[in-house]
Amino acid sequence: MLNTEQIRKDFPILSRTVYGKPLVYLDNAATTQKPVCVVDKITEGYYHTNANVHRGVHFLSQEATDAHEAARRKVQTFIHAASPAEIIFTRGTTEAINLVASSFGGAFFEDGDEVILSEMEHHANIVPWQLLQHRRKIKLRVIPVLENGELDMEAYRSLFNERTRFVSVCHMSNVLGTVNPVKELVGIAHRHQVPVLIDGAQSVPHLPVDVQSLDADFYVFSAHKIYGPTGIGVLYGKEKWLGQMPPYQGGGEMIAHVSFEHTTYNELPYKFEAGTPDYIGTTALAEALGYVSAAGLSRIAEHEQFLLRYATEQLLAIDGLRIYGTAREKGAVISFNVKDIHHYDMGMLLDKLGVAVRTGHHCAQPLMRRFGIEGTVRASFALYNTQEEIDVFVAALKRVVAMF
Ligand code: PMP
């Protein structure tokens, strides 16, 4: 069992009030709050070890480099990658997907090739592929989402043909909470010799991830959704792919030799890390991963599953409330609407009662279209949320619904 009382002490923001009410923060799928140890790591980095990494001969630069590279190894072990060379630091999930679409797609796709996405993708896993369409006339094929929020696996199988070059799907939906059978998705794609990128933005904070066991070709996530800082994220890629892919951006760090006639590139992972990296951010990310490991991913999952079940039960008792996403495998996210009350109105009124939820299309407009809606209210849980907070949330929602 997680000791949430103790854990909440690690997150000072949770004890603040909004509009004079205790804050109930249920917008964790957008971003999580940060524990003291992560914020301290950032402060300590700037106060004690700040120096630009790599190539520095002086003491501080060496210390900063060591911390930055230790962070890379921490990420490697956290997601069970085979080598630190397979861990590329990016600004986040979005940049990681853009990197793969641009570099892999630009190098290996030809006009007429096809990329399979799903109907539940975040815009960050749709638009980079559309941008690539300006360079290559690729076709996007879409796995439909079933009524319960699961992927239509039969339809997925039938999308493969001799032009299929890539599959890019999320591990867990930020709207429906659906946890996709990614190992199966990868297995099917590999039978067609097609590589797969998994968008782990929502899964990494909630589930143990082993990229080798999943046999993922690429796996991406953002630090800020797993109690780490904003502006840093991870692209995992199999060395066999990263080694063949051209650089995404040019600049410092990613070169071996530069002349006006000819430039050669650095080895992995630096080939994909142009410019001064966010070395303070990477060490803070490592600290966040350490925090999660200490709490225990299986204990976190158990706690969040309890909150999910409890909240679902309580919400369904509200007349006219519909939950979008009832997959058998589901993470701690609940999207819903109540009758024809506008999601925005519910969100705004909940806010006045101290409850922070997200409203809108959640950067998944095609999925909204699939369900014939403009948006939903979304409550999403993290390791520090409590049963009492859910009671406050549900009571507040009942008050809001009664106003209409
Ligand atoms: N994919 C999914 C499934 C997400 O939930 C998000 C964030 N909402 C992203 C991608 C984009 O992440 P970021 O904004 O951190 O790059």
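Residues numbered from 1 in each chain as written. Predicted model: local features only at pLDDT ≥ 70, side-chain atom pairs only at ≥ 80, totals over all residues. Heavy atoms only, no water.

*Asks:* Whenever I open this one, the pattern of salt bridges confuses me. Can you help?
*Replies:* By the definition in use, this model includes 18 salt bridges. Linking Asp 113 and Arg 165 is a salt bridge whose minimum nitrogen-to-oxygen distance equals 3.3 Å. One end of the pair, Asp 113, is in the loop between helix 4 (93-108) and strand 5 (114-118); the other, Arg 165, is in strand 7 (residues 164-170), and 52 residues separate them in sequence. The partner of Asp 217 in a salt bridge is Lys 238, with the nearest N and O atoms 3.4 Å apart. Taken as a pair, Asp 217 in the loop between helix 8 (211-214) and strand 9 (218-222) and Lys 238 in the loop between strand 10 (233-237) and helix 9 (239-242) lie far apart in primary sequence, 21 residues in all. Take Asp 217 and Lys 238: they sit in the same class, and that class is buried. If you follow the salt bridges from partner to partner, you end up with Asp 27, Arg 358 and Arg 378 in one network. (Salt bridge = Lys/Arg side-chain N within 4 Å of Asp/Glu carboxyl O. Helix = DSSP H or I, 4+ residues; strand = E, 2+ residues; numbered from the N terminus. Buried < 20%, exposed > 50% of the residue type's maximum accessible area, 1.4 Å probe, protein only.)

*Asks:* I would appreciate a short explanation of the site of the ligand in the present structure.
*Replies:* Contacts to the ligand come from Thr 93, Thr 94, His 122, Ala 124, Asn 174, Asp 199, Ala 201, Gln 202, Ser 222, His 224 and Lys 225. A distance of 2.6 Å is found between an oxygen atom of the ligand and a side-chain nitrogen or oxygen belonging to Thr 94. Interatomic distance of 2.8 Å between a side-chain N/O atom of Lys 225 and a nitrogen atom of the ligand. By residue class, the composition of the shell around the ligand is two nonpolar, seven polar and two charged. (Near = heavy atom within 4 Å. Polar contact = N/O pair within 3.5 Å; in protein donor to acceptor, adjacent residues only side chain to side chain. Nonpolar A, V, L, I, M, F, W, Y, C, P; charged D, E, K, R; others polar.)

*Asks:* Mind showing me how you'd approach the packing of aromatic side chains here?
*Replies:* Each aromatic ring pair is described using two quantities: the centre-to-centre distance and the angle formed by the ring planes. Here the structure, examined in full by the defined rule, presents 17 aromatic pairs. Ring centres of Trp 129 and Phe 166 lie 5.2 Å apart, and the angle between their planes is 40°; this geometry places the pair in the tilted category. You can see Trp 129 sitting in helix 5 (residues 127-132) and its partner Phe 166 sitting in strand 7, a full 37 residues away along the chain. The burial state of Trp 129 is the same as that of Phe 166; both residues are buried. Grouping aromatic residues by their ring pairs yields a cluster made of Phe 104, Phe 108, Phe 109, Trp 129, Phe 166, Phe 218 and Trp 241. The positively charged end of Arg 370 is found above the aromatic ring belonging to Phe 371, 4.6 Å away from the centroid. (Phe/Tyr/Trp six-rings, centres within 6.5 Å; stacked < 30°, edge-to-face > 60°. Lys NZ or Arg CZ within 6 Å of the ring centre and 35° of its normal.)

*Asks:* It is not clear to me how the nonpolar core should be interpreted in this structure. Could you clarify?
*Replies:* In summary, soluble globular proteins display a tendency toward joint burial of nonpolar side chains. Formed by 70 residues in total, the largest nonpolar core has its most connected members in Tyr 156 and Leu 383. Beyond its immediate stretch of four places on either side in the chain, Leu 383 contacts Leu 2, Thr 4, Ile 7, Phe 11, Tyr 227, Tyr 291, Ala 295, Ile 300, His 303 and Glu 304. Core analysis: the second largest hydrophobic core is formed by 30 residues, Leu 26, Ala 311, Val 338 and Leu 397 among them. (Core = buried A, V, L, I, M, F, W, Y, C linked by side-chain atoms within 4.5 Å. Contact = heavy atoms within 4.5 Å.)

*Asks:* I keep staring at the sheet that holds strand 7 and nothing clicks. Help me out?
*Replies:* Hydrogen bonding along the main chain pairs the strands of a sheet, whether they run parallel or antiparallel. Taken together, the seven strands give an open sheet; going across it, the order is 4-10-9-8-7-5-6, and neighbouring strands pair in mixed fashion. On the outer flanks of this sheet lie strand 4 (87-90) and strand 6 (139-143), each paired with one strand and no other. When the angles between neighbouring strand axes are averaged without regard to direction, this sheet yields 20°. With five bridges connecting them, strand 9 and strand 10 associate as antiparallel partners. Paired with Ser 222 across the bridge in strand 10 is Gly 233. Packing against the sheet, helix 7 (residues 182-191) makes contact with strand 7 and strand 8 (196-199), and its axis sits at approximately 165° to strand 8. (Pairing = 2+ DSSP bridges. Axes fitted to C-alpha atoms, helices over the stretch in contact; angles between N-to-C directions.)

*Asks:* Help me understand the sheet that holds strand 16 (residues 358-360), please; the structure alone is not making it clear to me.
*Replies:* As summarised here, the arrangement of the four strands in space is 13-14-17-16, forming an open sheet in which the pairing is antiparallel. Unpaired on one side and paired on the other, strand 13 (321-324) and strand 16 mark the two borders of the sheet. Neighbouring strand axes in the sheet, compared pairwise and without regard to direction, differ in orientation by 30° on average. With four bridges connecting them, strand 14 (residues 333-338) and strand 17 (residues 376-380) associate as antiparallel partners. Bridged to Ser 335 within strand 17 is Arg 378. Of the strands in this sheet, strand 13 and strand 14 touch helix 11 (residues 297-316), which is tilted by about 5° from strand 14.

*Asks:* Can you walk me through unusual backbone geometry in this structure?
*Replies:* Of all residues except glycine, most have a negative phi; of all peptide bonds, most are trans. The peptide bond linking Leu 268 to Pro 269 adopts the cis configuration, its omega dihedral lying at 0°. Mapping Pro 269 onto the fold places it in the loop between strand 12 (263-265) and helix 10 (279-295).

*Asks:* I keep staring at the packing of helix 12 (residues 343-352) against helix 14 (residues 387-403) and nothing clicks. Help me out?
*Replies:* The description of two helices packed together rests on the angle between their axes and the distance between the axes. Interhelical geometry of helix 12 versus helix 14 gives an angle of 125° and a closest axis separation of 9 Å. Our classification of the angle between helix 12 and helix 14 gives oblique. Regarding helix 12 and helix 14, the two cross each other, and that crossing is right-handed. Between helix 12, through Met 346, Leu 349 and Leu 350, and helix 14, the contact on the second element is made entirely by Phe 393, Ala 396, Leu 397, Val 400 and Met 403. (Parallel < 35°, antiparallel > 145°, perpendicular 65-115°, else oblique. Left-handed = near helix turned anticlockwise from the far one by under 90°.)

*Asks:* How do you make sense of the environment of Thr 178 when you look at a structure like this?
*Replies:* Its location among the elements puts Thr 178 in the loop between strand 7 and helix 7. Here Thr 178 falls in the buried class, since its relative accessible area comes to 1%. Sequence separation between Thr 178 and Ala 332 is 154 residues; the distance between their C-alpha atoms is 9.4 Å. Aside from chain neighbours lying at most four places away, what touches Thr 178 is Met 120, Gly 149, Glu 150, His 171, Met 172, Ser 173, Ala 327, Glu 329 and Lys 330.

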